[in-house]
Every structure is written in C-alpha cells, then in structure tokens.
Amino acid sequence: MNGRSSPLGWLRKRWRDWRTWRRLAREAHPRKILELTREIREMAEVAAQVCPREEAVQTRIQSIQAEMDRLAGLAGRPEFRRLPAGKRILLRQGLLQSRDQLLESMQSAPSPTRLLQ
C-alpha cells in the first residue's frame, strides 16, 4: 500500500499505545506512589543499620527518609490526584531508580561481622 500501513495496523498500534498508557497510569496512581514511598522508607531504615556509619552515608540515608516522608504526605493529599498522569509516571520512574540504587548500596555494604551466617 505505497509504504503506508493499513488502517487496521494503525488501529492496532493506537490500541497498544492506549493500553500501555493506561497500565502506566494505573501504576502511577497515588495509592501506588504511597506504597512505593513506604517501601523505600523501610529500605532506608534497613540501610541505616546495614551501611557503614560514615557520616556522608548516614546523612544521605536520613535525607532519603525525610524525602519519602514528605512525598508520602504530598501523595496523600487530594491535589496530588490532579497532577497529570505523565508527571506521576515520571515520579514513579524516579522512585524506582532510587529504590534500585538504594538496594545496590545495601548489597555493596560490607558485612557487619566477619563470620558468615
């Protein structure tokens, strides 16, 4: 068809795009954001116990905890629902990256004892 896709192909692509967007929007629902902030907050609490007692590391962990507390407060407010889904999706992606970085930091932390459990 002269290099153009068929109307059915166009419709299928639109349908896939719309389904992907809806899935991302569901994942970026304020309730899901709250769950993710709580998870990261709990991970930061564990990291504070596992990671070295260096001041810079502990300061960073405290900063993460404070930021998660602040974000949880914002996500619980009705105004948060009025944020465009695109912004909430970006926020969720940033939180997922932060969670992954925190997990890597915890895994790379030295063992608190020399004995293997």
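Residues numbered from 1 in each chain as written. Predicted model: local features only at pLDDT ≥ 70, side-chain atom pairs only at ≥ 80, totals over all residues. Heavy atoms only, no water.

Peer 1: Even after reading the chapter, I still don't get helix H3 (residues 55-75), so can you show me in this structure?
Peer 2: Owing to its 3.6 residues per turn, the α-helix brings residues three or four apart onto one side. With 21 residues, H3 ought to run about 30 Å at 1.5 Å a step, and its terminal C-alpha atoms sit 30 Å apart, in line with that. Looking only at H3, the buried set comprises Gln 58, Ile 61, Ile 64, Gln 65, Met 68, Leu 71 and Ala 75. Buried residues of H3, seen end-on, are gathered within an arc of 150° and therefore sit on one face of the element. Summarising the geometry of H3, the exposed residues directed more than 90 degrees from the buried face are Glu 55, Ala 56, Gln 62 and Arg 70. Close packing links the buried residues of H3 with helix H2 (30-50), helix H4 (78-81) and helix H5 (85-108). (Helix = DSSP H or I, 4+ residues; strand = E, 2+ residues; numbered from the N terminus. Expected span 1.5 Å × (residues − 1). Buried < 20%, exposed > 50% of the residue type's maximum accessible area, 1.4 Å probe, protein only. Arc of directions from axis to C-beta. Contact = heavy atoms within 4.5 Å.)

Peer 1: Sorry if this is basic, but what is going on with a nonpolar patch on the surface here?
Peer 2: Nonpolar side chains collect at one region of the surface, where Leu 8, Trp 10 and Leu 11 lie side by side and expose about 330 Å² of accessible area between them. When you line up the elements, Leu 11 lands in helix H1 (residues 7-27). (Patch = residues over 30% accessible without salt bridge, like charges linked within 9 Å, V, L, I, M, F, W, Y side chains within 5 Å. Areas by Shrake-Rupley, 256 points an atom, 1.4 Å probe, with all protein chains shown as cover. Salt bridge = Lys/Arg side-chain N within 4 Å of Asp/Glu carboxyl O.)

Peer 1: Explanation requested: the confidence of the model for the protein in the structure shown.
Peer 2: With 90% of its residues at a pLDDT of 70 or more, the protein has an overall mean of 85. The secondary-structure element of the protein with the lowest mean pLDDT is H5, recorded at 87, while H2 shows the highest, at 91. (pLDDT = per-residue confidence, 0-100.)

Peer 1: I keep staring at the pattern of salt bridges and nothing clicks. Help me out?
Peer 2: Counting across every chain of the model gives eight salt bridges. Its salt-bridge partner being Glu 27, residue Arg 23 comes within 3.4 Å of it at the nearest N-O pair. Note that Arg 23 and Glu 27 are positioned in helix H1 at a spacing of four residues, about one turn of the helix. Among the salt bridges present, the one from Glu 45 reaches Arg 41, with a minimum N-O distance of 3.1 Å. Pair noted here: Glu 45 and Arg 41 are both in helix H2, with a separation of four residues, about one helical turn. Since its relative accessible area comes to 39%, Glu 45 is described here as partly exposed. Shared partners join several salt bridges into a network, and the residues in it are Arg 23, Glu 27 and Arg 92.

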